[in-house]
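Now for the letters of each chain:
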Amino acid sequence: MKVRIKYQKAGSFKLIGHLDTMRYYQKAVRRAGLDIAYSQGFSPHQLMTFAAPLALGVTSEGEYFDAEFHSLPCREEFLRRINAQMVEGMEVKDIVLLGEHAKNSMSIVAASDYLITLKDRGIPGLEDRREKLLAAAGTLLEKDTIEVMKKTKHKEGVENIRDGIYKLYRQEQMIYMLLATGSAYNLKPELVVEALCGEAGCAYDVHDYQVHRLETYMRNEEGSLVSLLESGTRLP
Amino acid sequence: MAALALSDEILMAVEKPARYIGNEVNMVIKDPDSVSVRFCMCFPDVYEIGMSHLGIQILYDLINKREDAYCERVYSPWPDLDRIMREQGIPLFSLETQTPVREFDFLGITLQYEMCYTNVLQVLELSGIPIWSGERSLEDPIVIGGGPCSYNPEPIAAFFDVFYIGEGETRYAELFEVYQKAKKEGLSREELLFHISQIPGMYVPSLYVASYLPDGRLASFTPVREGVPERIRKEIVIDFDKVPYPEKPLVPHIHVTQDRVTLEIMRGCIRGCRFCQAGMIYRPTRQKNVNMMKEYARKMLSGTGHEEITLSSLSSSDYGCLKELITFMMDELGKEHINISLPSLRIDAFSLDVMSRVQDVRKSSLTFAPEAGTQRMRDVINKGLTEEIILNGAMQAFRGGWNKVKFYFMLGLPTETLEDAEGIPKLCETVASAYYTIPKEERAGKVAITASASFFVPKPFTPFQWAPMLEPEIYRERARHVKDTFRKQLHGKSMKFNYHETDVSALEGVFARGDRRLSAVIYDAYKSGCMFDAWTEYFDNGKWLAAFEKNGLSMSFYTTRERSTDELLPWDFIDIGVTKRFLAAEWERAKQAVVTPNCREACSGCGAAIFGGGVCFERRPSEKNGGDGK
């Protein structure tokens, strides 16, 4: 039985990387005594695939992994048992049953949205900077090209990130953004924040911002963005 | 959840921030205000090493089972964070509640190897606790040391208020009671320490004074106050059915050195190898009940979610119910996709069968620890392994499809000659050529032998505690000669030989058998920047040499000097049960290359029977009654 599981990663868990998060869930599933399926071969491993890796330092309430079980308790019982094994910061939010031939979450991720908060690190001029950035969030998308310096292992160059930003606006004292995510095109929220800083005319420092992922999306048959939970059906 | 002691900015700037945030699975959460004793347990090395240590898991569980105490943890901040903490004046903090270490009632430091001594000073200094115990006030925690190095605590005596000599399971309750009472009565720190010295196993170094002969040897070592015990007997657990073992050990979020369930099946070793300190200080050998082990295996696996389990003991092959336990693990736990990671076992039909079932034969290698290359040398060190046993084991394994063999040796052992050293490549060659007696179609390609040698370091409470250590230069020459001899062997191309560095071993040799005067050397080395000495990339021998020079002490006084058996040794005030007389007799037998039988073959009257349990009182097949332990 294939399932998709939605979880939250908050608090100090933002400092636990992707691989360690995977190991954390493998052990949690064992502690919960859930009947997970294993691969064949000399060193069998749990059948578990994670959707979209989260960068270190980012919190999220919309993370996903797919897993395969031999048998499953009902939804309430599953959530109760797995959440009894969580430590502060991690929580399983939901589980849906996937069809036999459902594509795995990693391959279908298309977008995710984020909330960006400007942290108060005691540096003067916080209010002023916040206002400038919030204003920039309202105007940046009017541009045809948004260029940022992008460094990868192999090259360094200017990149136009305009096409990767689907939505960008002010939400109270925070900035909301919906960005392309996944194997086809992956835009990191940090790059958008950097572009906003450029637009607002303030210096960019990665430590000034807390990035929080709200949800991870896929495209449905009509092409619109929906939650990854939509590919499944509710577990009884 | 407790606010983190470090800002996001710092945590994101340092390597592996998970080292400093706690919140691991099975971490104990208590309200610090609800307890009367706050204990901070420290392993003075990096998190990944410290979290792999079984002893801390045991004590963490034991102390936290008490309602009136809360045990938290701290590890050495890695140099990247160390620098930031010093620059910004951030005090060292516990993982659980992120509380400054200085606010605790106790700081317990486990001493597993000598090369962590400067890290002890780092922990104290970063915590804002005076490094010298004499400068501490009631505002500072009681700094208590434990672990194998506390069997000669003298080189670091000046930094500790108390040493707990022996196994940690027995005396914490009394220690806490004395502390709570003293706190209530408003006793001075000095009086509190005196009261602690009245508890069995507790050594309060400030209550003793040492004097020295003009040539540097210890002249006397005596209590400074009436009522302070002259000798401290080590503490041990006799009945393991009555002490707890953690059913839910901590599970770190990041990968650590030992990422699995560790089941301790036995404490102590019956073998009596003459170089081995653990083999003496943990006497008598005590086995744990096999049914209890099975139960713990299940509970610990379901309590941690680990996918691997291993056994811990000094010599698992000597565990009476090993077959039963391993069969259970393979049959019962194997079904649940649990990997069995085997401890090093004596190579025989059973262990080979087990190995072939739990690991890929083609990838795995066999391990032998003959420790020495010639039979004479092995007799000197009382290592029962003979060439015949090694060859038989290796041949059985070769026929079973193995082709990789690892050998562990020591160089610089007492009475070692060039011939003994050359015996190392010769023994390896014998095993390599034996491989090729197997018909080609039945062997698994070429044989591959890896031999490694470490520099022998004499340790307190062993028959070799009087032995001279080799001059580093001579060791180096000898190791190079062995390497050359390897190349000249017929199958030299199939054999690899590695040897350990000398400078660290020499320093380890100093601290292993050192006295109180070395505290000043350690302090100066630390102040000149020494830290993480167990890490090759941080070890700086030059700074150490300068610290010795500054204090007018020579390393060779501690290492290469042969001690006479009537010399007063700095650790003589500790009573491990095994007598000095027995060790001296063993030292004599060693020089004559006479083997002493193991505890199950015959009791040699080492003295450990005084504890009234363990192997000393096991029934031997030849006897009607238990051993009398004489």
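A.B. asks: Is there a simple way to think about the overall build of chain A in this case?
C.D. replies: Along its length, chain A carries 5 helices and 12 strands. Whereas a compact globule of 236 residues would reach a radius of gyration of roughly 18 Å, chain A reaches 19 Å, a difference of no more than 12%. Counting only C-alpha atoms, chain A reaches 55 × 40 × 35 Å along its principal axes. In chain A, which comprises 236 residues, the proportion classed as buried is 51%.

A.B. asks: Explanation requested: the pairing of strand β1 (residues 37-43) of chain B in the structure shown.
C.D. replies: For a regular strand, the rule is simple: side chains alternate between the two faces of the sheet. Residue and element names in this part refer to chain B. Here β1 lies mainly inside the structure; 7 of its 7 residues are buried. Burial of β1 is two-sided: the residues Val-37, Phe-39, Met-41 and Phe-43 facing one way and the residues Arg-38, Cys-40 and Cys-42 facing the other way are all buried. Relative to strand β2 (residues 69-75), β1 is paired through 7 bridges, and the arrangement is parallel. Across the sheet, Met-41 pairs through a bridge with Arg-73, a residue of β2.

A.B. asks: Looking at this structure, how should I read the pairing of strand β3 (residues 59-68) of chain A?
C.D. replies: Residue and element names in this part refer to chain A. Of all 10 residues making up β3, 8 are buried, and the element is well covered by its neighbours. Inspection of the sheet shows strand β1 (residues 2-9) paired to β3 by 7 bridges, in the antiparallel sense. Of the residues in β3, the one forming a bridge with Val-3 is Ala-67. Pairing between strand β2 (residues 48-50) and β3: 3 bridges, direction antiparallel. Bridge pairing in β3 places Met-48 opposite Ala-67. By the bridge criterion, 2 bridges tie β3 to strand β10 (residues 209-219) in an arrangement that is parallel. By the bridge assignment for β10, Ser-60 is matched with Arg-213.

A.B. asks: I tried to follow the packing of aromatic side chains on my own but got confused; where do I start?
C.D. replies: Note on aromatic pairs: each is described by the distance of the centres and the angle between the planes. A full pass over the atoms with the stated rule returns 49 aromatic pairs over all chains. Judged by centre distance (6.0 Å) and plane angle (20°), the rings of Phe-163 of chain B and Tyr-203 of chain B are stacked. Within this pair, whereas Phe-163 of chain B is found in strand β5 (residues 162-164), its partner Tyr-203 of chain B is found in strand β6 (residues 202-203), the two being separated by 40 residues in sequence. Given a relative accessible area of 0%, Phe-163 of chain B falls into the buried group. Three or more aromatic residues joined by ring pairs form one cluster here, namely Tyr-7, Phe-13, Tyr-24, Tyr-25, Phe-50 and Phe-65 of chain A.

A.B. asks: Even after reading the chapter, I still don't get the interface of chain A and chain B, so can you show me in this structure?
C.D. replies: Often, the extent of an interface is quoted as the loss of accessible area upon association of its parts. If you look at the interface, chain A gives 23 residues, while chain B gives 30 residues. Summing the contributions of chain A and of chain B, the shared interface buries around 2,300 Å²; its carbon and sulfur component is 57%. If you tally residues by element for the side of chain A that touches chain B, the top one is helix α1 (residues 18-31) of chain A, at 7 residues. Split into classes, the residues belonging to the side of chain A that touches chain B amount to 9 nonpolar, 5 polar and 9 charged.

A.B. asks: Can you walk me through the nonpolar core in this structure?
C.D. replies: It is characteristic of soluble globular proteins that their nonpolar side chains tend to be buried jointly. Counting residues in each nonpolar core, the largest one holds 164 residues, and the members touching the most others are Tyr-25 and Phe-69 of chain A together with Leu-107, Leu-111 and Trp-544 of chain B. For Phe-69 of chain A, the contacting residues outside a window of four places in its chain are Met-1, Val-3, Ile-5, Val-29, Leu-34, Asp-35, Ile-36, Ala-37 and Phe-78 of chain A. Among the nonpolar cores identified, the runner-up in size contains 72 residues, and Met-330, Leu-352, Ile-424 and Tyr-435 of chain B belong to it.

A.B. asks: I'm lost on the layout of surface pockets in this one. Help?
C.D. replies: Unfilled space is identified by rolling a water-sized probe across the atoms. Approximately 990 Å³ is the volume found for the second largest pocket. The set of elements that each furnish at least two residues to the lining of the second largest pocket consists of α1 of chain A together with β14 (339-341), α11 (349-358) and β16 (404-411) of chain B. Top element by residues in the lining of the second largest pocket is α11 of chain B. It accounts for 4 residues. Across the lining of the second largest pocket, the residue classes break down as 13 nonpolar, 15 polar and 7 charged.

A.B. asks: Would you mind going over helix α16 (residues 503-512) of chain B with me for this structure?
C.D. replies: Residues separated by three or four positions in an α-helix point in the same direction, a consequence of the helix having 3.6 residues per turn. Counting buried positions along α16 of chain B gives 7 out of 10 residues, so the element sits mostly inside the fold. Among the structural elements, α5 (117-127), β17 (448-455), α15 (472-488), α17 (518-527), α18 (541-550) and α19 (555-558) of chain B are those in contact with the buried residues of α16 of chain B.

A.B. asks: Sorry if this is basic, but what is going on with the sheet that holds strand β3 (residues 106-110) of chain B here?
C.D. replies: Two orientations exist for strands paired in a sheet by backbone hydrogen bonds: parallel and antiparallel. Residue and element names in this part refer to chain B. In space, the 6 strands of this open sheet follow the order β2-β1-β3-β4-β5-β6, with mixed pairing throughout. Edge positions in the sheet fall to β2 and β6, since each of these pairs with one other strand and no more. As paired strands, β3 and strand β4 (residues 142-146) are joined by 5 bridges and run parallel to one another. Along β4, the bridge assignment pairs Thr-110 with Gly-146. Here helix α3 (residues 54-64) sits on the sheet and contacts β1, β2 and β3; the angle it forms with β2, its principal contact strand, is near 155°.

A.B. asks: For this particular structure, what's the right way to read helix α20 (residues 580-591) of chain B?
C.D. replies: All names here are of chain B. In a regular helix each residue adds 1.5 Å, so 12 residues correspond to 16 Å; α20 covers 17 Å between its end C-alpha atoms and thus fits that length. Residues of α20 that are buried: Phe-582, Leu-583, Ala-584, Glu-586, Trp-587 and Ala-590. Taken together, the buried residues of α20 touch α8 (278-281) and α12 (375-380).

A.B. asks: What is the right way to read the confidence of the model for chain B from this model?
C.D. replies: Caution applies to low-pLDDT parts of the model: their predicted coordinates are not meant to be read in detail. Residues and elements named next belong to chain B. Confidence along chain B averages 95 in pLDDT terms, with 98% of residues attaining 70 or more. Throughout residues 624-630 the model reports pLDDT below 50, and contacts reaching past four residues in sequence, or to other chains, amount to 15 contacts. Both confidence scores are given for the complex: pTM 0.95, ipTM 0.93.

A.B. asks: Would you mind going over the domain arrangement of chain A with me for this structure?
C.D. replies: All names here are of chain A. The assigned domain composition of chain A is domain 1 (2-108) and domain 2 (111-219). Here the C-alpha centre of domain 2 lies 28 Å away from the C-alpha centre of domain 1. Summing both partners gives a buried area of about 1,100 Å² for domain 1 against domain 2, and 41% of it is carried by carbon and sulfur. For the interface between domain 1 and domain 2, the tally reads 2 salt bridges. A salt bridge links Arg-213 to Glu-63; the shortest N-O distance between them is 2.8 Å. There are 12 residue pairs in polar contact (both at pLDDT 80 or more) connecting domain 1 and domain 2. Element by element, the count of residues in the side of domain 1 that touches domain 2 is highest for β3, at 6 residues. Looking at the side of domain 1 that touches domain 2 residue by residue, the classes come out as 6 nonpolar, 4 polar and 4 charged.

A.B. asks: For this particular structure, what's the right way to read the domain arrangement of chain B?
C.D. replies: Residues and elements named next belong to chain B. Per the domain assignment, the segments making up chain B are domain 1 (25-233) and domain 2 (360-517 + 553-582). Relative to domain 2, the C-alpha centre of domain 1 lies at a distance of 35 Å. In this complex, domain 1 contributes 28 residues to the contact, which on the side of domain 2 involves 25 residues. Roughly 2,300 Å² of surface becomes buried between domain 1 and domain 2 when both sides are summed, with 61% attributable to carbon and sulfur atoms. Our count for the contact surface shared by domain 1 and domain 2 stands at 4 salt bridges.

Parameters at a glance
Think of each chain on its own: its residues are numbered from 1, step by step along the sequence as written. Chain A is the first chain written and ligand 1 is the first ligand written, with later ones labelled in order. Only residues with pLDDT of 70 or above have their local features reported here, since the model is predicted, and side-chain atom pairs are shown and tallied only from 80 upward, although totals for entire chains, interfaces and linings are computed over all residues. To obtain the side-chain values, all non-hydrogen atoms of the structure were included, while hydrogens and water were left out. Helical segments are the DSSP runs of H or I of at least four residues, strand segments are the runs of E of at least two, and each set is numbered from the N terminus. Computation of the radius of gyration draws on C-alpha atoms alone. For the globule rule, the value is 2.2 Å times the number of residues to the power 0.38. Each residue gets one of three labels from its accessible area relative to the maximum for its type: buried under 20%, exposed over 50%, partly exposed in between, using a 1.4 Å probe on protein chains only. Strand pairing is assigned whenever DSSP identifies at least 2 bridges connecting the two strands. Note on ring pairs: Phe, Tyr and Trp rings are taken, using the six-membered ring of Trp, and paired if centres are within 6.5 Å. Classes follow the plane angle, with under 30 degrees stacked, over 60 edge-to-face and the rest tilted. By definition in these notes, contact holds between two residues if any of their heavy atoms fall within 4.5 Å. Accessible area, probed at 1.4 Å, shrinks when two parts are joined; the buried area is that loss added up over both. Any residue outside Ala, Val, Leu, Ile, Met, Phe, Trp, Tyr, Cys, Pro, Asp, Glu, Lys and Arg is labelled polar, Gly included; the first ten of those are nonpolar and the last four are charged. Among buried residues, those of type Ala, Val, Leu, Ile, Met, Phe, Trp, Tyr and Cys that are joined through side-chain atoms within 4.5 Å constitute a nonpolar core. A 1.4 Å probe that fits into a set of points on a 1 Å grid over the protein atoms alone but cannot get out defines a cavity; an open set with protein on both sides within 12 Å along at least five of seven lines defines a pocket, and lining residues are those with an atom within 4 Å of a point. Grid points are joined across faces, edges and corners, and a volume is the space filled by probe spheres set on the points. Axis angles are defined between N-to-C directions and span 0 to 180 degrees, where every axis is a line fitted to C-alpha atoms and, for a helix, only to the segment in contact. Multiplying one less than the number of residues by 1.5 Å gives the expected span of a helix. Values of pLDDT, the confidence the predictor places in each residue, fall between 0 and 100. Where each domain starts and ends comes from a domain assignment, either automatic or drawn from a database. Here, a salt bridge means any side-chain nitrogen of Lys or Arg that lies within 4 Å of a carboxyl oxygen of Asp or Glu. What qualifies as a polar contact is a pair of N or O atoms within 3.5 Å, subject to a donor-acceptor requirement within protein and to the restriction that residues adjacent in sequence count only when both atoms come from side chains.

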